[in-house]
Amino acid sequence: MGLAVGIDLGTTNSCLAVVQGNKATVISDHIGRRIHPSVVSFLPDGTSVASYEARERQITDPRNTVSSFKRLIGRDFNGPEAMASLADLPYEVGFGPDHVPLIRVRDQEVSLPEISALMLRHLKELCSESLGAEVDKAVITVPANFNDVQRSSTKIAGRIAGFEVLRILNEPTAAALAYGFGGERSEKIAIYDFGGGTFDITIVELAGDIFKVLATAGDTALGGDDFDTVIVEEMRADFIDKHGVDLAGNTVAMQRLRLVAERVKCQLSCLEHVEATLPEIAENRAGRAIDFHFKMSKSRFEGLCRPLVDRSLDVCVEAFKLAGIDRSSVDNLVLVGGSTRIPLIRNLVGREFGVRPRVEINPDEVVAIGAAIQAFSLTRYQMSRPSAPPEPYAADKRCSSAPPVVWSDGPKGRESSGPLPAVLDVFSDASSDAKSCEGAGGEPPAGGSRRRPSDDFGWLDLGLSEPPEEPHVKAPRTSVIKRRKDVVHGAPSWPPMQQGDAFSVDIKVGATNALLLDVTPRALGIGTAGGFCDTIIERNAAIPVEQSRLFTTSYDGQTEVVVNIYQGESRRVSDNTRLGQVLLSSIRAAPRGEIKIRVTFEIDTDGILGVFARNEETGEAQSTRIVLSGGLDEITVRALVEKYASE
Ligand code: AMP
C-alpha cells in the first residue's frame, strides 16, 4: 500500500506534507524547496513540465505555459468569475460543450482538470522521490467557497494524476486541524485566509478531537492581487505626473508595472520604504525612452490599502453573525495565505478579534500540514479496521452518527403542509439557457482570449528568479528594484520574511482520528417559475446533508423534467450562480401534475453534490442525468484516467 499525503494545490504555489513517525512535515524537493509554483508548460515535443521548470518558461514561452489554472477550474466560461480572470492571462482560453473552459496550447485544447492533473502528477513524483516510497493517496485542499463543480473537477484532477483522492478538504478546515490536532483543546478559533485571489474567514470550534465549523464566509473577488492593483494605479498616476504619459493603453508597460508592484508590496511587508526603477518603460513625444523611478513608503501603502482590509473585516462580521457568536469569544486567530504577511492586516485583524495572531504558524505550509494530518487520520482508520464494512473514511463514519441528517420536503424552517410538488417552469429556464449562449457564438468573446505579448523587455528583470537558497539574509531598510539583469539593490530578490520558518506539527502518540464537521458555504437551490430560486439546502448547513423535494410535470404528456440547480442565497436566479441541470427522463406520459418524482440533493463530506430521484408512483429509481456547467462528464474522465495511466 502506498503512502498518503496532503496537498495544498494553490493558485500561485502548491505545498505537500506527510505524517511520518509522530510528525507532520512539509515535503521538500531534491534541493530543499518547500513550495512549488503551480505552473504547467507544454513543450514542442508534446510533453509537459511543471512547477519551477515551467515557471522559467513563463518568460520564454508564455503562450504555452499555464499558471493560475485554479482560477478557471470548474468555472463556466461565460460566468463573471472566469471573465474577470481571463483579462490577465497570458495564454489563450476557449471553451467546449457546456461552456467548459479549455486552454489552447500548441494546437490542442486541454481541459482544466487535465492541467491540474499534470501539476498533481509532478507533485506525486516529487513525493515518491523525496520519501523513497510509492505515494498513491491524497487529501487535496480547496478554498471553502469552492462550488460543487470546482470541487468535483479538483477531485477528477487527482484521479487523472493517479491518486486515490481520500478527501477534498476545505483549506481553513485543514488549517484548523494543523493547529489543533491531538491537542485536546477546547476553544473557538478563527482562520483568516487572505491569499492571492480570494479571501475567506472560517470560525471553528475545537472540542478534543472534534473540529466543528461554525461558519464560513468569503469574498471571491478580494485577494493579494488587489493590493498589487493599488500600487499599479499609484505608479500610473505618478508616471502621468512626472512625464505626462498615461501607460494605461500600453499592455507591456502595464504588465511590467504589475510584476514590480507585487515585489514592492512584498518588500513593504518588511521595509519602511521601497524604490523601483523600470528603465525604458515608454517613449516621450520626441521618441526618447523614459526611465521610471518610483518610491513608496509603507505608510502610503497602508493608507491606500486600508479599504481592502476593511472589506475583509466586513466579511468577518458576516461570519460571526452566521456562527451566532460574538467576536470576543474567539480564543485564537490563525492566519493563512501569503497576504497575511502584510503587517497592516496582522495588526487590524488582531485588533478586530482582540487576540494576537498566531504568527509562528507558517501561512504557506499550514494547509498542507492539515491535509497530511487528515490523510493520516483517514488511512490509519482504514488500516485499523481491516474487516470494516465499505465505509471508506473515518470521519464519514463518525459524521453519520453525529449531526442529524435533515430530510424534509422543503428548506429548513419552512412550513410544509404535506408534499406540495414544485412545478417547474421548464420553458423559461430553457430560454434563459439559450440566452446565455447568445453572444458566445462558438467564439470566445472579445478580450476572452488574451496572451502576454512577446517582447524583449526582459521579464527576467522583474523578480522571476528563484528565491535565494539562504533564507535568513538580514533585510536592509530600503531596497531598489532595477530592471537590468535581475539586479536588486540592497535587498534579496525574494524577501526573507516570505519564506517563513519551517513548520511542522507533532502528532500526539495515539491520536489518529479527528471528527471534522464542516459546512456548505453557499445555499443550494433550484430554479422555479418566474425566474425565482427555491432554496433546497441552506447556507452554512452542516455536511454531509440531504434534502429532498417533490417535482411534477407542468403539462399533459410531459416525459422529461429539467431541474436547474443554482448556488447562492438570492430569491432571484439571475443573482445566483447556475451550477448545471438535472434531467429527469423516461417519465410515463400522464396528465399534468399526476406524476410525482422525489428528488434528493445530497452534499457529501467532500462538499460535492449528488442528485438522486425516485418515482413516488412506482417507488423506483428515476433516471437522472446531471450536466454541470464547467464540468467534465464521466466518460471523458475515464478516458483521461486511462490515457495518463498508460503514459
Ligand atoms: P497564496 O495564495 O497564499 O499563495 O498567497 C499569494 C499572495 O500572497 C500573492 O498576492 C502574494 O503577492 C502575496 N504575498 C506573498 N508574500 C507576501 C508578503 N511578504 N507580503 C505581502 N504579500 C505577500
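Above this text you will find the structure in question.
Residues numbered from 1 in each chain as written. Predicted model: local features only at pLDDT ≥ 70, side-chain atom pairs only at ≥ 80, totals over all residues. Heavy atoms only, no water.

Participant: What is the right way to read helix H1 (residues 52-60) from this model?
Facilitator: Residues three or four positions apart in an α-helix share a direction because the helix packs 3.6 residues into each turn. What H1 keeps buried is the set Tyr52, Ala54, Arg55, Gln58 and Ile59. Down the axis of H1, the buried side of the element spans an arc of 165°, and every buried residue falls inside it. For H1, exposure combined with an orientation more than 90 degrees from the buried face picks out Glu53 and Thr60. On its buried face, H1 is in contact with strand S4 (36-37), strand S5 (39-42), strand S6 (48-50) and strand S7 (65-67). (Buried < 20%, exposed > 50% of the residue type's maximum accessible area, 1.4 Å probe, protein only. Helix = DSSP H or I, 4+ residues; strand = E, 2+ residues; numbered from the N terminus. Arc of directions from axis to C-beta. Contact = heavy atoms within 4.5 Å.)

Participant: Can you walk me through the packing of aromatic side chains in this structure?
Facilitator: The relative placement of two aromatic rings is captured by the distance of their centres and the angle of their planes. Counted according to the given criterion, the structure contains 9 aromatic pairs. With 5.4 Å between their ring centres and 55° between their planes, Phe320 and Phe353 make a pair best called tilted. With Phe320 in helix H8 (residues 298-323) and Phe353 in helix H9 (residues 343-353), the pair connects residues that are 33 residues apart, well separated along the chain. Grouping aromatic residues by their ring pairs yields a cluster made of Tyr192, Phe194, Phe199, Phe227 and Phe301. A cation sits over an aromatic face here: Arg185 above Tyr179, 4.3 Å from the ring centre. It is Arg572 that lies over the ring of Phe532; its NZ or CZ is 4.6 Å from the centre. (Phe/Tyr/Trp six-rings, centres within 6.5 Å; stacked < 30°, edge-to-face > 60°. Lys NZ or Arg CZ within 6 Å of the ring centre and 35° of its normal.)

Participant: Explain the nonpolar core to me, please; I cannot follow it from the model alone.
Facilitator: Generally speaking, a soluble globular protein has its nonpolar side chains buried in company with each other. If you look at the biggest cluster of nonpolar residues, it comprises 54 residues, and the most contacted ones within it are Tyr192, Ile201 and Phe353. Counting residues per element, this core draws most heavily on H8, which supplies 10 residues. If near-sequence neighbours (up to four positions away) are discounted, Phe353 is found in contact with Ala190, Ile201, Cys316, Phe320, Arg327, Val330 and Leu333. With 48 residues, the next largest nonpolar core counts Tyr91, Val93, Met119 and Phe163 among its residues. (Core = buried A, V, L, I, M, F, W, Y, C linked by side-chain atoms within 4.5 Å.)

Participant: How should I be thinking about the sheet that holds strand S18 (residues 332-336) in this particular structure?
Facilitator: In a beta sheet, neighbouring strands are held together by backbone hydrogen bonds and run either parallel or antiparallel to one another. Taken together, 6 strands build an open sheet; the order of strands is S18-S13-S14-S15-S23-S26 and the sheet is mixed. The open sheet has two edge strands, S18 and strand S26 (542-543), and neither has a second partner. Both strand S13 (residues 186-194) and S18 contribute to a ladder of 5 bridges, which runs parallel. When the bridges of S18 are listed, Ile189 appears paired with Asn332. Across the face of the sheet, helix H5 (residues 171-180) comes into contact with S13, strand S14 (199-207), strand S15 (210-219), S18 and strand S23 (515-519) while running at roughly 135° to S13. Here H8 sits on the sheet in contact with S13, S14 and S15, set at roughly 135° to S15. (Pairing = 2+ DSSP bridges. Axes fitted to C-alpha atoms, helices over the stretch in contact; angles between N-to-C directions.)

Participant: Mind showing me how you'd approach the environment of Asn332 here?
Facilitator: Within the secondary structure, Asn332 is located in strand S18. Residue classification places Asn332 among the buried positions, given a relative accessible area of 14%. Residues Asn332 and Arg358, spaced 26 residues apart in sequence, show a C-alpha to C-alpha distance of 7.3 Å. In terms of polar contacts, Asn332 uses its side chain to reach the side chain of Glu187, at 3.0 Å. A polar side-chain atom of Asn332 sits 3.3 Å from a polar atom in the side chain of Arg358. (Polar contact = N/O pair within 3.5 Å; in protein donor to acceptor, adjacent residues only side chain to side chain.)

Participant: What exactly am I supposed to notice about the sheet that holds strand S9 (residues 101-105) here?
Facilitator: Read across the sheet, 3 strands follow the order S8-S9-S10 without closing on themselves; strand pairing throughout is antiparallel. Looking at strand neighbours, the two that pair on one side only are strand S8 (92-95) and strand S10 (108-111), the edges of this open sheet. Across this sheet, the average inter-strand angle for adjacent strands is 45°, counted without regard to direction. Each of S9 and S10 is contacted by helix H3 (residues 112-131), which is oriented at about 75° to S10, the strand it contacts most.

Participant: Would you mind showing me how to read the side chain of Asp228 here?
Facilitator: With respect to the secondary-structure elements, Asp228 resides in helix H6 (residues 224-243). When neighbours within four sequence positions are excluded, Asp228 is seen to be in contact with Arg258, Ala261, Glu262 and Lys265.

Participant: Looking at this structure, how should I read the state of the cysteines?
Facilitator: The bond known as a disulfide is covalent and runs between the sulfur atoms of two cysteines. Within this structure, the stated rule accounts for 0 disulfides. Between Cys266, a cysteine without a disulfide, and Cys270, which holds the nearest cysteine sulfur, the sulfur-to-sulfur distance is 8.7 Å. (Disulfide = S-S within 2.5 Å.)

Participant: So what exactly am I meant to see when it comes to the side chain of Asp518 here?
Facilitator: By secondary structure assignment, the location of Asp518 is in strand S23. For the buried Asp518, no salt bridge is present, and the opposite-charge side chain at shortest range is Arg151, 6.7 Å distant. Among the polar contacts made by the side chain of Asp518, one reaches the side chain of Asn170 at a distance of 3.3 Å. Beyond its immediate stretch of four places on either side in the chain, Asp518 contacts Asn170, Thr173, Val213, Ala541, Ala542 and Ile543. (Lys, Arg positive; Asp, Glu negative; His and termini not counted. Salt bridge = Lys/Arg side-chain N within 4 Å of Asp/Glu carboxyl O.)

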